[in-house]
Amino acid sequence: MALAVETETPLRLEGKYKAMAVCWVLGIGSLISWNSMLTIGDYYNNLFKKYHPTRALTLVYQPFALGTMATLAYNESKIDTRKRNITGYTIFFASTLALLLLDLATSGEGGLGPFLGVCVFVALFGVADAHVQGGIVGDLSFMYPEFMQSFFAGLAASGALTSGLRLLTKAAFEKSHDGLRKGVMLFLAICTSFEFLCILLYAFFFPKLPIVKYFRSKAASEGSKTVSADLAAAGIQTKAAQAEDEAKQYERLSNKQLFIQNFDYALDLFLIYVLTLSIFPGFLYENTGQHRLGEWYSLVLIASYNVWDLIARYIPLVKCVKLESRKGLMITILCRFLLVPAFYFTAKYGDQGWMIFLTSFLGLTNGYLTVCVMTVAPKGYKGPEQNALGNILVLFLLGGLFAGVALDWLWLI
């Protein structure tokens, strides 16, 4: 794959801020469908109460996300990134729409059949998540760190956005007949429309930005084969033929070598999300007791987590407060496990104000540490290696999510 590109980033290359904005929107689209399931947990708790939906649906989601991600990460160098990401967003769009249609078809009735139907679409969310998060993170790993930060800020923004929309729709229909269900229907319709917007942005707008074309061309010049379709969409053709001596120039570290060199970063992400998902959302919905806010209490906790998770993902943009030390990251992440006894005793003896504070701190540390790890780890590698490393890190992130979801059930004992 021979491509002549400049070795240094041009000083004036258009589209950086547009690309950051698109990355932010794509980040929202990567989790808005799943976050919609978390924020309508009050509805599903009423509909499928005996199945513990806030815990069960998360447990359904994670194995499909983790299994798909493991397969995609193993074959990362052979997979067309453009097809992978468009496939992911399309599955998100179709599954969210199907979830809405299922509720309309069953007239909002509970029971095992509708619950199993919801589980099927949640499993598809997991498949889509693995396509999109690994694909986008791998793609952005060889571009500006600000693009990665914007994408992960978008992931958090999806939580804050869905929480805000959920509170608005709940308030709007609170006094109407079947108001809870009507609010959920409107909410899902908005999420479905947003997923369709992401398909259009990624397929037609993002690949044509000059800054994006530059970095993808540079990655192709370093031996990356995953960007060919995106370059073609932008009107740049690559040559498949290579001389034998050129192949050595494109040699890259294997996935095993990348994993060994970055084991601590992978473990960091695993531990961050083991803790977060062992508390969020199941514990916050089912183990925090009854308080003055009544049925709004769990929604306020979820919103508090999401808002502070979003704010925290912008903190690393301030260089003097960005944590880049490998030992410092590990020590901070391990100290964060003190939140487990803190949540336990606060739920048992504390006031709702302390619980809101702890939940906000959980979100704050989750967002800040995630961005620090994901923007520091790819530095110093070639484009194809950064792509592969991005997939490895997302795999461990999803592994942490799965382990955290499993541990979340221990609160019921």
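Going by the annotation in an unreviewed UniProt entry, the name recorded for the chain is Major facilitator superfamily (MFS) profile domain-containing protein, with Citrus clementina given as the source organism. According to the UniProt record, the Subcellular location (unreviewed entry) comment for the chain is "Membrane". Of the chain, the UniProt comment under Sequence similarities (unreviewed entry) reads exactly: "Belongs to the SLC29A/ENT transporter (TC 2.A.57) family."

Another point: a nonpolar patch on the surface. Residues Trp24, Tyr314 and Leu317 make up a contiguous nonpolar surface patch of roughly 260 Å² in combined accessible area. Take tyrosine 314: it is sitting in the loop between helix H14 (297-312) and helix H15 (326-335).

Along the chain, serine 224 turns up in the loop between helix H8 (210-221) and helix H9 (228-233). At 3.2 Å, the side chain of serine 224 forms a polar contact with the side chain of threonine 226.

Here we come to the confidence of the model for the chain. Scored by pLDDT, the chain comes out at a mean of 84, with 90% of its residues at no less than 70. The element-level mean pLDDT for the chain is lowest in helix H10 (residues 244-249), coming to 45, with H15 highest at 96. Across residues 1-7, where pLDDT falls below 50, the model places 26 contacts with residues more than four positions away in sequence or in other chains. Contacts for the low-pLDDT stretch residues 241-248, under 50 throughout, to residues beyond four places or in other chains number five contacts.

Turning to the packing of aromatic side chains, a few remarks are in order. Following the criterion strictly, the structure yields 17 aromatic pairs and no others. On the numbers, 5.5 Å between centres and 90 degrees between planes, the contact of phenylalanine 259 with phenylalanine 263 is edge-to-face. Centre to centre, the rings of tyrosine 344 and phenylalanine 345 are 5.1 Å apart; their planes meet at 80 degrees, and the pair counts as edge-to-face.

Here we take up empty space enclosed by the protein. Following the criterion strictly, the structure yields four cavities of 30 Å³ or more and no others. In this model, the largest cavity occupies a volume close to 300 Å³. In terms of lining, the largest cavity is formed by 24 residues, of which the most central are Leu31, Asn35, Tyr273, Tyr305 and Leu401. Taken together, the residues of the lining of the largest cavity sort by class into 14 nonpolar, seven polar and three charged. Broken down by secondary-structure element, the contributors of at least two residues to the lining of the second largest cavity are helix H2 (41-47), helix H4 (81-106) and helix H5 (112-140). A total of four residues in the lining of the second largest cavity trace back to one element, the largest contributor, which is H4.

Attention shifts here to the pattern of salt bridges. In total, this model carries eleven salt bridges according to the counting rule given. Glutamate 146 is the salt-bridge partner of lysine 16, the closest N and O atoms lying 4.0 Å from each other. Of this pair, lysine 16 sits in helix H1 (residues 16-39) while glutamate 146 sits in helix H6 (residues 145-172); the two residues are 130 residues apart in sequence, bridging distant segments of the chain. The exposure class of glutamate 146 is partly exposed, given its relative accessible area of 23%. Ionic pairing is found between arginine 216 and aspartate 230, a salt bridge with its closest N-O pair at 3.7 Å. Pair noted here: arginine 216 is in helix H8 and aspartate 230 is in helix H9, with a separation of 14 residues, a long-range link. Residue classification places arginine 216 among the buried positions, given a relative accessible area of 1%. For aspartate 230, a relative accessible area of 0% gives the class buried. One network of salt bridges, with partners in common, ties together Arg82, Asp139, Arg216 and Asp230.

The next subject is the nonpolar core. Core analysis: the largest hydrophobic core is formed by 120 residues, its most contacted members being Met37 and Tyr44. The element best represented in this core is H5, accounting for 13 residues. In contact with tyrosine 44, other than residues within four places in its own chain, are Met37, Lys49, Pro53, Leu57, Leu99 and Val118.

Before going further, it helps to examine the packing of H4 against helix H7 (residues 179-205). For the pair H4 and H7, the least separation of the axes is 9 Å and the interaxial angle reads 160 degrees. On the basis of the axis angle, H4 is roughly antiparallel to H7. Handedness of the H4/H7 crossing: left-handed. Residues that form the contact of H4 with H7 fall into these classes: 17 nonpolar, five polar and four charged.

Thresholds applied
- Residues numbered from 1 in each chain as written.
- Predicted model: local features only at pLDDT ≥ 70, side-chain atom pairs only at ≥ 80, totals over all residues.
- Heavy atoms only, no water.
- UniProt positions renumbered as here; feature names shortened; annotations may be inferred.
- Patch = residues over 30% accessible without salt bridge, like charges linked within 9 Å, V, L, I, M, F, W, Y side chains within 5 Å.
- Areas by Shrake-Rupley, 256 points an atom, 1.4 Å probe, with all protein chains shown as cover.
- Salt bridge = Lys/Arg side-chain N within 4 Å of Asp/Glu carboxyl O.
- Helix = DSSP H or I, 4+ residues; strand = E, 2+ residues; numbered from the N terminus.
- Polar contact = N/O pair within 3.5 Å; in protein donor to acceptor, adjacent residues only side chain to side chain.
- pLDDT = per-residue confidence, 0-100.
- Contact = heavy atoms within 4.5 Å.
- Phe/Tyr/Trp six-rings, centres within 6.5 Å; stacked < 30°, edge-to-face > 60°.
- 1 Å grid on protein atoms, 1.4 Å probe; cavity = no way out; pocket = protein on both sides within 12 Å on 5 of 7 lines; lining within 4 Å.
- Points joined across faces, edges and corners; volume = space filled by probe spheres on them.
- Nonpolar A, V, L, I, M, F, W, Y, C, P; charged D, E, K, R; others polar.
- Buried < 20%, exposed > 50% of the residue type's maximum accessible area, 1.4 Å probe, protein only.
- Core = buried A, V, L, I, M, F, W, Y, C linked by side-chain atoms within 4.5 Å.
- Axes fitted to C-alpha atoms, helices over the stretch in contact; angles between N-to-C directions.
- Parallel < 35°, antiparallel > 145°, perpendicular 65-115°, else oblique.
- Left-handed = near helix turned anticlockwise from the far one by under 90°.

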